[in-house]
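Take a look at the letters that make up each chain.
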Amino acid sequence: MLEVARALVGCVVRHDGCAGAIVETEAYHQSEAACHAHVGLTPRTHILFGPPGRAYVYRSYGIHAMLNAVCEPEGVGAAVLIRALEPLEGLERMRERRGLERREDLCSGPGKLTQALGIELDLNGSDLAGGPIAIEPPPPDWPASDLIESPRIGITKAAELPWRFSAAGFRSVSRPWPPGLRDTVAPRALG
DNA sequence: CATGGGATTGACT
DNA sequence: GTCAATCCCATGC
């Protein structure tokens, strides 16, 4: 699962004419309390315990859809939360759906990227290879980038585990940025 | 069946 | 820095 969380950084998420490269993930596992699967098998979590390679999409704070990739074999509840993308294709479509212009604001958060790509709860359980959402290998010209490992954010339980993975050098990583990222991104243009 | 708490975001002081 | 919006579902009576 941690290996999947690291390997997904750089991969491309594609849906409904839009695509972006993953620049931030977080890992969740049934063995720790921040994971929805920690409570066991329920109607909400049964996707997490199913076969790997499917989407787990749920609503957060009544407003936002969160996209996860289920991992680990069937019977183990674990997933990787896709937290941020670097927009690659369909930028105008993303801007329409987000109501924003700046590239680095389109997908720089887990709720933002689902809004930008048009991903909603009806995609929960769909296959991530050949389904409506596709996850593909990194583009050939994708730059090699260091991974910054830091504690997961926005959670109250098991908050100490360093299971957040951010690609150095990308302004599209969600805020708050992990320690050290600031030193790896190009300064924003003045003006 | 009622309640409470989010793996967040954007607007505002 | 603070705060509200708002839906799903786990939990407890």
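Relevant structure appears above.
Residues numbered from 1 in each chain as written. Chains lettered and ligands numbered in written order. Predicted model: local features only at pLDDT ≥ 70, side-chain atom pairs only at ≥ 80, totals over all residues. Heavy atoms only, no water.

## Re the pattern of salt bridges
The tally for this structure, following the rule as stated, stands at 16 salt bridges. Between Glu24 and Arg164 there is a salt bridge, and its shortest N-O distance comes to 2.6 Å. Of this pair, Glu24 sits in strand 2 (residues 18-29) while Arg164 sits in strand 8 (residues 164-167); the two residues are 140 residues apart in sequence, bridging distant segments of the chain. Exposure class is identical for Glu24 and Arg164. Each is buried. The salt bridge partner of Glu120 is Arg59, with a shortest N-O separation of 2.8 Å. Here Glu120 is found in the loop between helix 4 (110-117) and strand 6 (134-136), whereas its partner Arg59 is found in strand 3 (residues 55-60), with 61 residues between them in sequence. Judged by relative accessible area, which is 32%, Glu120 ranks as partly exposed. One connected set of salt bridges, linked through shared partners, spans Glu24, Glu26, Arg83 and Arg164. (Salt bridge = Lys/Arg side-chain N within 4 Å of Asp/Glu carboxyl O. Helix = DSSP H or I, 4+ residues; strand = E, 2+ residues; numbered from the N terminus. Buried < 20%, exposed > 50% of the residue type's maximum accessible area, 1.4 Å probe, protein only.)

## Regarding helix 4
Counting buried residues in helix 4 gives 6 out of 8 residues, a clear majority hidden from the surface. Regarding helix 4, the residues found buried are Pro110, Gly111, Leu113, Thr114, Ala116 and Leu117. The positive-phi residue at the C-terminal boundary of helix 4 is Gly118, with phi of around 75°.

## Thoughts on the protein's contact with DNA strand C
In the vicinity of DNA strand C, the contacting residues are Val39, Thr42, Pro43, Arg44, Arg59, Tyr61, Gly62, Ile63 and Leu121. Near the protein, within 4 Å, the atoms of DNA strand C are sugar or phosphate in 69% of cases. Between DNA strand C and Thr42, the relevant distance is 2.8 Å, taken from a phosphate oxygen to a side-chain nitrogen or oxygen of the residue. A distance of 2.4 Å is found between a base oxygen of DNA strand C and a backbone nitrogen or oxygen belonging to Tyr61. Residues of the surface near DNA strand C, tallied by class, amount to 5 nonpolar, 2 polar and 2 charged. (Near = heavy atom within 4 Å. Polar contact = N/O pair within 3.5 Å; in protein donor to acceptor, adjacent residues only side chain to side chain. Nonpolar A, V, L, I, M, F, W, Y, C, P; charged D, E, K, R; others polar.)

## Thoughts on the protein's contact with DNA strand B
What surrounds DNA strand B is a group of 19 residues, the closest being Tyr58, His64, Asn68, Arg98 and Gly154. Counting only the atoms of DNA strand B within 4 Å of the protein, the fraction contributed by sugar and phosphate is 52%. In the environment of DNA strand B, a base nitrogen lies 2.4 Å from a nitrogen or oxygen atom belonging to the side chain of Asn68. Those elements giving two or more residues to the surface near DNA strand B turn out to be strand 3, strand 4 (64-70), strand 5 (78-89) and helix 4. Broken down by class, the residue content of the surface near DNA strand B amounts to 8 nonpolar, 8 polar and 3 charged.

## Side note on the side chain of Arg152
Secondary-structure assignment places Arg152 in the loop between strand 7 (147-150) and strand 8. Assessed through its relative accessible area of 4%, Arg152 is described here as buried. Among the polar contacts listed, one links the side chain of Arg152 to the backbone oxygen of Ala27, at a separation of 2.9 Å. There is a polar contact of 3.0 Å between the side chain of Arg152 and the backbone oxygen of Ala158. Excluding residues that lie within four positions of it along the chain, Arg152 makes contacts with Glu26, Ala27, Tyr28, Glu32, Ala34, Lys157, Ala158, Ala159, Leu161, Trp163 and Arg164. (Contact = heavy atoms within 4.5 Å.)

## Section: unusual backbone geometry
Across residues other than glycine, the phi torsion is negative in most instances, and most of the peptide bonds are trans. A cis amide bond links Arg175 with the next residue in sequence, Pro176, at an omega value of -5°. Note on placement: Pro176 falls in the segment after strand 8. The backbone of Glu72 sits at a positive phi, close to 70°, despite the residue not being glycine. Phi is positive for Ala158, which is not a glycine, with a value near 55°. With respect to the helices and strands, Ala158 occurs in the loop between strand 7 and strand 8. For Ala158, a relative accessible area of 17% gives the class buried.

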